[in-house]
Amino acid sequence: MKRWTQRLLLAALMLMTLTGCWGREEMNQLGIIMGLGIDREGEDIKVSAQVVIPAGVSSNTGKISGAPVTLYTATGPTLFEAIQKLTLTSPRIIFLPHIRVLVFSENFAAQVGMGDVLEAMVRDPKVRPDYYVMIAKGSSAESILNTLTPLEKIPANKLYNSLDNSSKNWAPTTIVNADRLFEEIINSGISPAVTGVELKGDRKAAALESNLMSVKPKAWLEYTGLGVIKGEKLIGWLNEDESKGFNYIRNNVRATVGHVSCPSKGKIALRGVRTISKMKGEVKQEKPVIHVHVESVSTIASVECKEHIADAGVISQLEKEAEAKLISLMKMTVSNVIRKYKVDIFGFGQEINRTDRSSGSGLSLIGLINCLIWMWSTVPRSSLKESGLWTIPSRTRSRSDRRVVVFFVVLTAVAIGASQAPMMLRNRWFREMAASALFLIAGSILSVIAWKMISVPSPLNILITIYKPVNNFFKLLFS
């Protein structure tokens, strides 16, 4: 008994040395930073922290006058010295883990570089590296974070959500988080490209509450182009078409809208619903060769000319024009980037090093220029359909399409056979077995015909289309 008492006392003493909340901080003691701006002031770093005002964003406190966020600024020789100096003006502890956007000024990114700041941020174990990084084009990072925005009360959330949605629906924009950017900066096989954000309109009214009172804000934030990075410094910008070509090559396009010209006057708008880009590199005769395979599925969004899009010949011509336009766009982007900036933002060198490590280290930029302009392997498959009317698509199909056809036929056969199997096992009548066999064969044949002759939005629609008439036919036949 005495031994057990000693053990309990020892356990109690050990529990007293443990703490449940070693570094606890109350919410009302924290100043939560949603956006962080980096500018240059002389030889020092100037940080601008966009901090949330809880009463300004809460829905339970009634109507609150004033801005939902506030901006604190401080300067210092290093990043974290400047951040710690924010406590001179902020009444709360600066809290970084909830940061959504990191904004560099164009001047800082071009003259100082982003590498040291990113390294310091990535080293901090409290900060998740999933925030978006962007460059303020033609303005300071402070002015970007000092702009009040409608719809989203917190401007940093507006920047984050706007870029996230735009990257999924508009080809020229893409997201770059801190983790990916830092990896590309230290990687010798690729140079980064960072999204640019611009302050437009009346800059003096950007920070005023009156900017939110009008239907059209006097000042607004807009994403524009991609910044080209060499090493860790900004060296130039891509325009909208070049940014689009870059994203197609890098497989960053999810959905977008474009157009092709009609033979007569007018245009036909195409809505891209799915795009998949693949890159393959190899070395032939000590020269690098890059193959870029782009598969794009589009629908006709609008017709602003007199073309009869129900005609198979018109559809085929639209596919050829869209294919030629996309190839030309990618070639133009590669040519302009290499000619003007002499960097590889597409990851060609990284792909060559991955496929041929023995030769990749000796590749020269001149070799890339000579080979990349003309070596393109693209097999786009544009499934163009008019609303409510199926049309015949292009006959050219890739190996992956044939695999999809085989997979879909097998899937249809298994599904139909499984649905009829219980009946065959329960009732061993010849008529039902024959009906099931005929139904299986007819469903498979019609599936192949449907896939090869028409464009469909999903396999489920084919199953529904095939099942109803065939099932009704066999009901009438054997009733």
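Computed from a predicted model, the values in this text were never measured in an experiment. (Residues numbered from 1 in each chain as written. Predicted model: local features only at pLDDT ≥ 70, side-chain atom pairs only at ≥ 80, totals over all residues. Heavy atoms only, no water.)

Chemist: Just to check I follow, could you spell out the overall build of the chain for this structure?
Modeler: For the chain, the helix and strand inventory stands at 16 helices and 12 strands. Residue burial in the chain is summarised as follows: out of 479 residues, 43% are buried. Accessible surface, the chain as shown: approximately 26,300 Å² in total, 57% of it carbon and sulfur. (Helix = DSSP H or I, 4+ residues; strand = E, 2+ residues; numbered from the N terminus. Buried < 20%, exposed > 50% of the residue type's maximum accessible area, 1.4 Å probe, protein only. Areas by Shrake-Rupley, 256 points an atom, 1.4 Å probe, with all protein chains shown as cover.)

Chemist: Just checking my understanding: could you explain the packing of helix α9 (residues 240–249) against helix α10 (residues 312–341) for this structure?
Modeler: How two helices sit against one another is set out by the angle between their axes and by the gap between those axes. Direction vectors running N to C along α9 and α10 enclose 105°, while the axes themselves pass 8 Å from each other. Classified by the angle their axes make, α9 and α10 are roughly perpendicular. Mapping the contact onto sequence places D241, E242, K244, G245, F246, Y248 and I249 in α9 and L326, L329, M330, M332, T333, V334, N336 and K340 in α10. (Axes fitted to C-alpha atoms, helices over the stretch in contact; angles between N-to-C directions. Parallel < 35°, antiparallel > 145°, perpendicular 65-115°, else oblique. Contact = heavy atoms within 4.5 Å.)

Chemist: Please explain the pairing of strand β7 (residues 193–201) as it appears in this structure.
Modeler: It is a general feature of regular strands that their side chains alternate between the two faces of the sheet. Sheet topology note: the strand β6 (residues 132–136)/β7 ladder contains three bridges and is parallel. The partner of M134 across the bridge, within β7, is T195. By the bridge criterion, eight bridges tie β7 to strand β8 (residues 219–230) in an arrangement that is antiparallel. Across the sheet, E198 pairs through a bridge with E222, a residue of β8. (Pairing = 2+ DSSP bridges.)

Chemist: Teacher, can you tell me more about the side chain of N157 here?
Modeler: Relative to the helices and strands, N157 resides in helix α7 (residues 155–169). The buried category is assigned to N157, whose relative accessible area is 13%. Here the side chain of N157 touches R100 through a polar contact of 3.0 Å, side chain to side chain. Among residues more than four places away in sequence, those in contact with N157 are M34, R100 and E152. (Polar contact = N/O pair within 3.5 Å; in protein donor to acceptor, adjacent residues only side chain to side chain.)

Chemist: Explanation requested: the packing of aromatic side chains in the structure shown.
Modeler: The geometry of two aromatic rings is summed up by the distance between their centres and the angle between their planes. Within this structure, the stated rule accounts for four aromatic pairs. Taking 5.2 Å as the distance between ring centres and 20° as the angle between the ring planes, the aromatic pair formed by F346 and F348 counts as stacked. Residue class for F348 comes out buried when judged on its relative accessible area of 1%. An aromatic cluster of at least three residues, connected via ring pairs, comprises F246, F346 and F348. A cation over an aromatic ring shows up here: R100 above the ring of Y160, its NZ or CZ 3.8 Å from the ring centre. Taking the ring centre of W170 as reference, the NZ or CZ of K244 above it sits at 5.5 Å. (Phe/Tyr/Trp six-rings, centres within 6.5 Å; stacked < 30°, edge-to-face > 60°. Lys NZ or Arg CZ within 6 Å of the ring centre and 35° of its normal.)

Chemist: Looking at this structure, I do not really get helix α8 (residues 178–186). What am I missing?
Modeler: Note that an α-helix has 3.6 residues per turn; residues three or four places apart therefore point the same way. Looking at α8, one finds that the buried residues are A178, L181, F182, E184 and I185. For α8, the buried positions fall inside an angular range of 165° around the axis, keeping them on one side. As for α8, its buried residues are in contact with α5 (115–123), β6 and β7. (Arc of directions from axis to C-beta.)

Chemist: Looking at this structure, how should I read the sheet that holds strand β11 (residues 267–284)?
Modeler: The strands that make up a sheet pair up through hydrogen bonds in the backbone, lying either parallel or antiparallel. Strand order in the open sheet made by the three strands is β10-β11-β12, with antiparallel pairing throughout. Of all the strands in the sheet, just β10 (256–261) and β12 (287–303) have a single pairing partner and so form its edges. Adjacent strand axes in the sheet meet at a mean angle of 45°, parallel and antiparallel pairs treated alike. Across six bridges, the pairing between β10 and β11 is antiparallel. Among the inter-strand pairings, T256 is bridged to a residue of β11, identified as G272.

Chemist: Help me out: how do you make sense of the nonpolar core in this one?
Modeler: Note on soluble globular proteins: their nonpolar side chains tend to be buried together. By size, the foremost hydrophobic cluster in this structure holds 38 residues, and its most contacted members are L36, I38, V47, F104, M114, L118 and V133. Beyond its immediate sequence surroundings of up to four residues, F104 is in contact with I38, A109, M114, V117, L118, V133, M134, I135, A136 and A141. Counting residues in each nonpolar core, the second largest holds 24 residues, with A193, L238, I290 and I352 among its members. (Core = buried A, V, L, I, M, F, W, Y, C linked by side-chain atoms within 4.5 Å.)

Chemist: What am I meant to see in the packing of α5 against α8 here?
Modeler: Following both chains from N to C, one finds α5 and α8 inclined at 130°, their axes separated by 10 Å at the closest point. By the angle between their directions, the pair α5 and α8 is classed as oblique. Read as a crossing pair, α5 and α8 show a hand that is left-handed. The segment α5 lies against α8, with G115, L118, E119 and V122 engaging A178, L181, F182 and I185. Residues that form the contact of α5 with α8 fall into these classes: six nonpolar, one polar and one charged. (Left-handed = near helix turned anticlockwise from the far one by under 90°. Nonpolar A, V, L, I, M, F, W, Y, C, P; charged D, E, K, R; others polar.)

Chemist: Would you explain the pattern of salt bridges in this entry?
Modeler: Side-chain pairing between opposite charges can occur once the charged atoms of the two side chains come close. As enumerated under the stated definition, the model contains 11 salt bridges in all. When the shortest N-O distance is used, the salt bridge between R40 and E43 registers 3.9 Å. Judged by its relative accessible area of 71%, E43 is exposed. With its nearest N and O atoms 2.9 Å apart, the salt bridge here joins R123 to E119. You can see R123 and its partner E119 sitting in helix α5, four residues apart, about one turn around the helix. Through salt bridges with shared partners, a single ionic network connects E41, K46 and E142. (Salt bridge = Lys/Arg side-chain N within 4 Å of Asp/Glu carboxyl O.)

Chemist: For this particular structure, what's the right way to read the confidence of the model for the chain?
Modeler: Do not read the predicted coordinates in detail wherever pLDDT is low. Scored by pLDDT, the chain has a mean of 79; 71% of the residues are at 70 or more. Below pLDDT 50 for its whole length, residues 360–399 participates in 99 contacts with residues either more than four positions away or in separate chains. (pLDDT = per-residue confidence, 0-100.)

Chemist: Which parts of the structure should I look at to understand the pairing of β8?
Modeler: Where burial is concerned, most of β8 is hidden: nine out of the 12 residues are buried. Pairing analysis gives five bridges linking β8 to strand β9 (residues 233–238), with the strands arranged antiparallel. Bridging from a neighbouring strand, L226 pairs with L238 of β9.

Chemist: I would appreciate a short explanation of the environment of V337 in the present structure.
Modeler: Position of V337 among the secondary structure elements: in helix α10. Its relative accessible area of 1% is what places V337 among the buried residues. In this view, V337 contacts L238, K342, V343, I345 and F346; residues no more than four positions away in its chain are not counted.

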